[in-house]
Amino acid sequence: MVTARTHFRKMNGLGNDFVVLDVRETPLALSETQTRAIADREKGVGCDQLITIERPRGDGDAYMGIRNADGSVVGACGNATRCVGRLLMDETGRKEIRLETPSGPVVCFDAGDGRITVDMGEPRLKWNEIPLSEEFADTRSIELEVGPLGNPVMHSPGVVSMGNPHAIFFVKDADAIDLARIGPMLENHPLFPERANISVAEVLAPDHIKLRVWERGAGLTLACGTGACAAAVAGVRKRLTARKVTVTLPGGDLEIEWREADNHVYMTGPVTFEFEGDLDPRLLAGGVVA
């Protein structure tokens, strides 16, 4: 349904930015063309992901739809979850919100000081859960390398799903990797039937990881919440880090904890409201604003 007035909020989590549409009262079926038009940074609003807040389909407070800038539908987005959680907390006055997502339910908590904690659930570690196109008995390190034979630039990534697939390469210097060039090649590697988010991680200390992420369908991003969670899990599995770490991304820091008590991953970080407005109806008509 195309209306003359479709309100949006522009928000970000550490620079990972979103156009958020509340469609609980007026459902809106978005096509890939419409999503790309809205996400276009020159002729639309511009964002990494387009987020819809929809009526719950189960016992949650709301359903969160997630679309990448290229129009593809994805299962999880940690930074966007914090943003939507913040909006619903402000709306209801509550300190805890349960969100339904394509990859399952998540719970958001008010962590104080403008921060939100999200229980991202259990990581998925089996090859067919991530998924991979080939069977690997051990997903802590899979056979994948980039660079000359015998002297690869990076190799043996850990693979994890946090509702979307991630491959994390641990390297000596994360800034030295040309992720803009390597990222799109690996995102579309035959090993990843649903494509993958590609990260390079540098362990600064047992409780501190530096991370850069090439996000499938969006490209280089200032922050990736599920990527930070996946990197923390991969670090523990490779015995490189502790279960509670600070993950430093280009946009800032996230606190990640993979708890032994329940096997869940908890992510804590800030939320920023940028501005709000009404979408140009031509964007929803599938056209391009001249």
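Scroll up to find the structure.
Caption draft 1: Spatial organisation of the overall build of the chain. Scanning the chain from terminus to terminus reveals 5 helices and 18 strands. Taken over the C-alpha trace, the chain has a radius of gyration of 19 Å; the compact-globule value for 290 residues is 19 Å, and the two agree within 12%. Dimensions of the chain, computed from the C-alpha atoms along their principal axes, are close to 60 × 40 × 30 Å. When burial is assessed residue by residue, the chain has 54% of its 290 residues classed as buried. Long-range contacts, defined as pairs at least 24 residues apart, comprise 61% of the intrachain contacts of the chain with a sequence gap of at least 6. Accessible area for the chain stands at about 12600 Å²; split by element, carbon and sulfur atoms hold 48% of it. Positive and negative side-chain charges in the chain, numbering 32 and 42 respectively, have mean positions lying 0 Å apart.

Caption draft 2: Geometry of helix 1 (residues 32–39). What helix 1 keeps buried is the set Gln34, Thr35, Ala37, Ile38 and Ala39. Residues of helix 1 that are buried make contact with strand 2 (16–22), strand 3 (49–54), strand 4 (62–68) and helix 5 (281–284).

Caption draft 3: Structural context of the pairing of strand 2. For strand 2, the tally of buried residues reaches 6 of 7 residues, placing the bulk of the element in the interior. Of the strand pairs in this sheet, strand 1 (residues 7–13) and strand 2 are connected by 5 bridges, and their pairing is antiparallel. Along strand 2, the bridge assignment pairs Asn12 with Asp17. The antiparallel hairpin formed by strand 1 and strand 2 contains 2 residues in its connecting segment, where Leu14 sits at a positive phi of about 60°. Inspection of the sheet shows strand 2 paired to strand 3 by 5 bridges, in the parallel sense.

Caption draft 4: Expanded view of the side chain of Glu100. Position of Glu100 among the secondary structure elements: in strand 5 (residues 96–101). We note that Glu100 is buried and unpaired, the nearest opposite charge coming from Arg57 at a distance of 5.7 Å. Looking at Glu100, its side chain comes within polar contact range of the main-chain nitrogen of Gly58, at 2.8 Å. Leaving out residues up to four positions away in the same chain, Glu100 has contacts with Pro56, Arg57, Gly58, Asp59, Gly60, Ala62, Tyr63, Met64 and Pro105.

Caption draft 5: The arrangement of the packing of aromatic side chains in detail. Throughout the structure, instances matching the rule amount to 1 aromatic pair. Look at Phe8 and Phe275: their rings are 6.0 Å apart centre to centre, the planes differ by 85°, and that puts the pair in the edge-to-face class. Of this pair, Phe8 sits in strand 1 while Phe275 sits in strand 18 (residues 272–278), and the two are 267 residues apart along the sequence. In this arrangement the basic side chain of Arg243 is found over the ring face of Trp258, its NZ or CZ atom lying 4.4 Å from the centre. Looking at Arg259, its charged tip hangs above the ring of Tyr266, at a distance of 3.8 Å from the centre.

Caption draft 6: Local environment of unusual backbone geometry. For the peptide bond that leads from Ile130 to Pro131, omega is -10°, which places it in the cis range. Counting through the fold element by element, Pro131 comes out in the loop between strand 7 (115–119) and strand 8 (145–146). Backbone geometry at Arg195 places phi at a positive 60°, although glycine is not the residue there. Relative to the helices and strands, Arg195 resides in the loop between helix 3 (179–187) and strand 12 (197–205). In this structure Arg195 comes out as partly exposed when scored by relative accessible area, which is 24%.

Reading the values: the criteria
Residues numbered from 1 in each chain as written. Predicted model: local features only at pLDDT ≥ 70, side-chain atom pairs only at ≥ 80, totals over all residues. Heavy atoms only, no water. Helix = DSSP H or I, 4+ residues; strand = E, 2+ residues; numbered from the N terminus. Rg over C-alpha atoms; globule rule 2.2 N^0.38 Å. Buried < 20%, exposed > 50% of the residue type's maximum accessible area, 1.4 Å probe, protein only. Contact = heavy atoms within 4.5 Å. Areas by Shrake-Rupley, 256 points an atom, 1.4 Å probe, with all protein chains shown as cover. Lys, Arg positive; Asp, Glu negative; His and termini not counted. Charge placed at Lys NZ, Arg CZ, Asp CG, Glu CD. Pairing = 2+ DSSP bridges. Salt bridge = Lys/Arg side-chain N within 4 Å of Asp/Glu carboxyl O. Polar contact = N/O pair within 3.5 Å; in protein donor to acceptor, adjacent residues only side chain to side chain. Phe/Tyr/Trp six-rings, centres within 6.5 Å; stacked < 30°, edge-to-face > 60°. Lys NZ or Arg CZ within 6 Å of the ring centre and 35° of its normal.

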